2 protein chains.
Amino acid sequence: MEDSHHSGATGHAKTTARRRKEARPGELTAAALALFVERGFAATRLDDIAERAGVSKGTLYLYFDSKEALFKAVIQEGIVPAIEAGEALLNAFRDDPERLLREMLFGWWQLLSSTPLGGIPKLMIAEGGNFPEVNQFYFDEVITRAHRLFYAALELGVAKGVFRPVDIEAQIQVILAPLLMLAIWKHSFACCAGGEVAPQRYLDATLDLILNGLRQPGQKENTDE
Amino acid sequence: MEDSHHSGATGHAKTTARRRKEARPGELTAAALALFVERGFAATRLDDIAERAGVSKGTLYLYFDSKEALFKAVIQEGIVPAIEAGEALLNAFRDDPERLLREMLFGWWQLLSSTPLGGIPKLMIAEGGNFPEVNQFYFDEVITRAHRLFYAALELGVAKGVFRPVDIEAQIQVILAPLLMLAIWKHSFACCAGGEVAPQRYLDATLDLILNGLRQPGQKENTDE
DNA sequence: CATATATTACTGACCAGTCAGTCATTAATG
DNA sequence: CATTAATGACTGACTGGTCAGTAATATATG
């Protein structure tokens, strides 16, 4: 198990093989994410993932015990940072609930357009049922945390009198729905859609509806900077 | 090769075998729908579908050319009537846009709770990508028609001055999202969810947000009958 | 040569789709 | 009505291909 008597310290670059060993898991999960999102979990072959990562299938098994373990790693690695980014936003905009919601929506869109992470919701919806353990993990680590995030945001708005007093718990899901559908749409029907609504316009409409739906009747429009 | 001289017309019931032949396709698509929704298209074996319908796999091929053809039949048969029901609602409540929206939401929920049809959106999202032809069919016959339906409803409301003048095209998608997510949720994470929001409460919240978000500022609350 | 890293060829389970054949019902014949 | 012929719905064993996972082998590193 342990090693450590190298005589002279060879402290310089561990050269290729050693460096590879540290980079590999990330390269593999990245390749897997891209392919899972594109074709679905079941329809993606391990050979393809390996090829995309520039290794052979056998190598994959040096880093992950099974296809399911790889699946779980993909979710874990991809989503947790995203959730943390959201939690950071909450702290940054504590004093302006409308602005906070706006930032959360656009942050989400940023993620969607610049990374393949937006494919994860679709992936979980599509294949989660066949992998209870991964599903549970996703539920606990992603869904629940995301809910807490939005709960805090809405609660803040209601407490400050910016939003009407609503059924926060239920509204969260209503507000999250358009965000999730935006992601799902992109990975499901975007291909078929001809003259469909552009994401930017869709997001504007979402914000419009949500803010008008939540806003305290007295409150003025807040035309933003 | 040729037949046709039966002398007397034997026109009455052709008993079991003949009756079966007419009932079979429906029985098979029903079985397939249930299993596809439960496990996904790829993960469902034709043997299981056949067994559930009380026949053998070979029989299945007497009625459908391939697994994909069966898939398409399931969608076609299940969804088209649902869309037509929606179109009927539109005509029934032309004069009261708020009521119309309300009826459409609750009609949808009715469908969800009393039939497995609510599983179809999830199914299409999950597996549509691998079946372009089915996907296109769904897009044209379901998504597009559903959009037209909601377009008409919103347009009516705006024309009557009940709703604010909004970006109708974009709002449709925002409004549809919670409905779709309700269906998706039921078939994906309902299992994991412990103290989650009840559908009825969720629907109320949806209506609350949508109607408040759309309502013309002047308009009064309309506390319904 | 000992260890860590990677590859390649292989195995076994699984499943969509096929096909030769069964069996129950119906029609034809005397 | 009894016997034979024809029909067609249905069956289930089989095949051909795919793919997750394994094991034997190779290459680099210290």
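In this report, we go over the structure that sits alongside the text. (Residues numbered from 1 in each chain as written. Chains lettered and ligands numbered in written order. Predicted model: local features only at pLDDT ≥ 70, side-chain atom pairs only at ≥ 80, totals over all residues. Heavy atoms only, no water.)

Things to note about the overall build of chain A
In terms of regular secondary structure, chain A is built from 9 helices and 0 strands. If you list the helices and strands of chain A from N to C, you get α-α-α-α-α-α-α-α-α. Roughly 11100 Å² of accessible area belongs to chain A as shown, and the carbon and sulfur atoms make up 54% of that amount. (Helix = DSSP H or I, 4+ residues; strand = E, 2+ residues; numbered from the N terminus. Areas by Shrake-Rupley, 256 points an atom, 1.4 Å probe, with all protein chains shown as cover.)

Remarks on the packing of aromatic side chains
Centre-to-centre distance and the angle between the planes together describe a pair of aromatic rings. Per the stated rule, a full pass over the model turns up 16 aromatic pairs over all chains. Here the aromatic rings of Trp185 of chain A and Phe139 of chain B are separated by 6.3 Å at their centres, their planes lie at 55°, and the arrangement is tilted. With Trp185 of chain A in helix α8 (residues 168-186) and Phe139 of chain B in helix α7 (residues 132-159), the pair connects residues from two separate chains. The exposure classification of Trp185 of chain A matches that of Phe139 of chain B, with both residues buried. Ring centres 4.7 Å apart and planes at 75° place the aromatic pair Phe41 of chain B and Phe131 of chain B in the edge-to-face group. Of this pair, Phe41 of chain B sits in the loop between α1 (15-39) and α2 (46-53) while Phe131 of chain B sits in the loop between α6 (119-127) and α7, and the two are 90 residues apart along the sequence. Accessibility assignment for this pair places Phe41 of chain B and Phe131 of chain B in one class, buried. What links up through ring pairs into an aromatic cluster is the set Phe36, Phe41, Phe71 and Phe131 of chain A. Looking at Lys67 of chain A, its charged tip hangs above the ring of Phe41 of chain A, at a distance of 4.5 Å from the centre. (Phe/Tyr/Trp six-rings, centres within 6.5 Å; stacked < 30°, edge-to-face > 60°. Buried < 20%, exposed > 50% of the residue type's maximum accessible area, 1.4 Å probe, protein only. Lys NZ or Arg CZ within 6 Å of the ring centre and 35° of its normal.)

Observations concerning the relation of the copies chain B and chain A
Put simply, the second copy of the chain is the first one after a rotation about an axis and a shift along it. Structural alignment of chain B on chain A gives an RMSD of 0.1 Å, achieved by rotating through 180° and translating 0.0 Å along the axis. Overall, the copies show the geometry of a two-fold rotation axis. No C-alpha of chain B lies nearer the rotation axis than that of Gly213 of chain B, which sits 1.8 Å from it. A high fraction, 100%, of the interface residues of chain B reappear at the interface in chain A, so the copies pair face to face through one surface. (Least-squares fit on C-alpha atoms with pLDDT ≥ 70 in both. Contact = heavy atoms within 4.5 Å.)

Digging into the pattern of salt bridges
All names here are of chain B. All told, the structure shown has 21 salt bridges over all chains when counted by the stated rule. Put simply, Glu27 and Arg24 hold a salt bridge, and the shortest N to O gap is 3.4 Å. You can see Glu27 and its partner Arg24 sitting in helix α1, 3 residues apart, about one turn around the helix. Note on Arg24: relative accessible area 14%, which makes it buried. One salt bridge connects Lys72 with Glu133, and the closest N-O pair in it is separated by 3.1 Å. In this pair, Lys72 is assigned in helix α4 (residues 67-92) and Glu133 in helix α7, connecting sequence segments 61 residues apart. On the accessibility criterion, Glu133 (51% relative accessible area) is exposed. Because the salt bridges share partners, they merge into one network encompassing Glu38, Arg39, Arg45 and Asp48. (Salt bridge = Lys/Arg side-chain N within 4 Å of Asp/Glu carboxyl O.)

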